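Chains, contacts and geometry: an overview
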Amino acid sequence: MTANRSLLLLPGDGIGPEVMDATRRVIDWFDRENRLNVDIGEALVGGASIDAHGMPLTDDTLERAKSVDAVLFGAVGGPRWDGLDFSMRPERALLGLRKEMELFANLRPAVVYPALSHASSLKPDIVSGLDIMIVRELTGGIYFGEPRGIEDAGGGERRGVNTLVYTTHEILRVGRVAFELARKRNGRVCSVDKSNVLESTLLWREEMTRLGAEEYPDVELTHMLADNAAMQLVRDPRQFDVMVTTNMFGDILSDCAAMLTGSLGMLPSASLGARSGDRIPALYEPVHGSAPDIAGTNRANPLAMLSSFAMMLRYSFDLQEEAALVDASIGAVLESGLRTADIMEDGARQVTTTAMAEALVREIEKRA
Ligand code: NAD
């Protein structure tokens, strides 16, 4: 059967290749079963690319990333490259990909598997079964607005300036991502702003309201101020389905929600660009970095990467059943008591990265 989809794997540095290898076992299983049907390429990125090609992201890798249906990214960076100039650091690869692929919507799910509910900093009865999605605007807002800088204000004073700016189209395109997601989930969007004090986010609220009424009347839209949203996330996080917000609020709230789940090794993410024809540029990656402290020891938790792969099945390839199969199998493997070192607890059995991946493949096979 010829492949009708394309995927580029960018393992990167540190534990990146280890969690990618683990994921590859699951990808290969789907491929063998003819349930993925994908052309798979692989390239170096980050420090590995610096060592081989003298730069963190080559033009060739960038072009390949732009031409495939989805990119699966491991992690980049490490002490070995820390002395390099900022523009040449491994982390520039990720920024370059986000910018050149115009990935404006960052999806950060926070899911608490019942088996891990006591690993959260909140009480199990508040977080057990949590499943929320935070959609963060990624390419606009105060992190990019002009004017910006630090200037001499005279008389020994200095002035730091940043600009929080949003235009209609920037708001609508990320809004549509959130509404579309809600349609595939529980049909609710909460838009987060500070419309009581910031005009640019009053515009955000007005545009979200109009978008909801005109294009998504079937989705329930509510609005919340960012300070209240922070409070509600730790008070009663399960009240949310999809949250959509600006770059800076999303940066803060998604990290806050992430911690409800207990471990960095469990957090997936996706970054999406604008649809062109039937293609949406997409990059999937675990939230964690290259973890140089445990790299090469087969101790990394591969589940953040595997959940990122499940997001790819769901959002880039529209393979809902296969995505649900991976998610359910992760839950079952955790339920069976297997843990990598980062989520180890009394009464559980500690396993390596490879053993976790093998257990997951067995579970998928059993359930398929
Ligand atoms: P990190 O996420 O790599 O590690 C933080 C801590 O969490 C470490 O103790 C690590 O062992 C642990 N950890 C992370 N992922 C884990 C996993 N899957 N399983 C088990 N334990 C895990 O963050 P850091 O230490 O601040 O950064 C290390 C390097 O990674 C730096 O060079 C940094 O620039 C880079 N980084 C890259 C990305 C990325 O590629 N997206 C993101 C963050 C940091």
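Residues numbered from 1 in each chain as written. Predicted model: local features only at pLDDT ≥ 70, side-chain atom pairs only at ≥ 80, totals over all residues. Heavy atoms only, no water.

Side note on the pairing of strand β4 (residues 105-111)
- Among the seven residues of β4, six are classified as buried, and the element is accordingly described as predominantly covered.
- Taken together, the seven bridges between β4 and strand β5 (residues 131-137) define a ladder with antiparallel strand orientation. Residue pairing across strands places arginine 108 opposite isoleucine 134, the latter belonging to β5.
- Of the strand pairs in this sheet, β4 and strand β11 (residues 268-272) are connected by three bridges, and their pairing is antiparallel. Residue pairing for β11: asparagine 106 is matched across the bridge by serine 271. (Buried < 20%, exposed > 50% of the residue type's maximum accessible area, 1.4 Å probe, protein only. Helix = DSSP H or I, 4+ residues; strand = E, 2+ residues; numbered from the N terminus. Pairing = 2+ DSSP bridges.)

Details of the site of the ligand
- Residues in contact with the ligand amount to 21 residues; listed here are only the nearest, Glu91, Gly289, Ala291, Asp293 and Asn301.
- Within the backbone of glycine 289, one N or O atom sits 2.7 Å away from an oxygen atom of the ligand.
- For the ligand, an oxygen atom lies 2.8 Å from a polar atom in the backbone of alanine 291.
- Starting from 800 Å² of accessible surface for the ligand in isolation, the protein chains cover 68%.
- Looking at the shell around the ligand, its residues break down into 10 nonpolar, seven polar and four charged. (Near = heavy atom within 4 Å. Polar contact = N/O pair within 3.5 Å; in protein donor to acceptor, adjacent residues only side chain to side chain. Areas by Shrake-Rupley, 256 points an atom, 1.4 Å probe, with all protein chains shown as cover. Nonpolar A, V, L, I, M, F, W, Y, C, P; charged D, E, K, R; others polar.)

Here's the deal with the domain arrangement of the protein
- Splitting the protein by domain gives domain 1 (1-103 + 273-368) and domain 2 (105-264).
- Taken together, the 18 residues of domain 1 in the interface contact 16 residues of domain 2.
- Buried area between domain 1 and domain 2, both sides added, is near 1,500 Å², and the carbon and sulfur share of it is 63%.
- Looking at the side of domain 1 facing domain 2, the largest losses of area belong to Leu103, Val287 and Tyr315, adding up to 31% of the total buried there.
- Our enumeration of links across domain 1 and domain 2 arrives at zero salt bridges.
- Inspection of the domain 1/domain 2 interface yields three residue pairs in polar contact (both at pLDDT 80 or more).
- In terms of residue count, helix α11 (residues 320-335) provides more of the side of domain 1 that touches domain 2 than any other element does, six residues in total.
- Within the side of domain 1 that touches domain 2, the residues separate by chemical class into eight nonpolar, four polar and six charged. (Domains from an automatic or database assignment. Contact = heavy atoms within 4.5 Å. Buried area = accessible area lost by both parts, 1.4 Å probe. Salt bridge = Lys/Arg side-chain N within 4 Å of Asp/Glu carboxyl O.)

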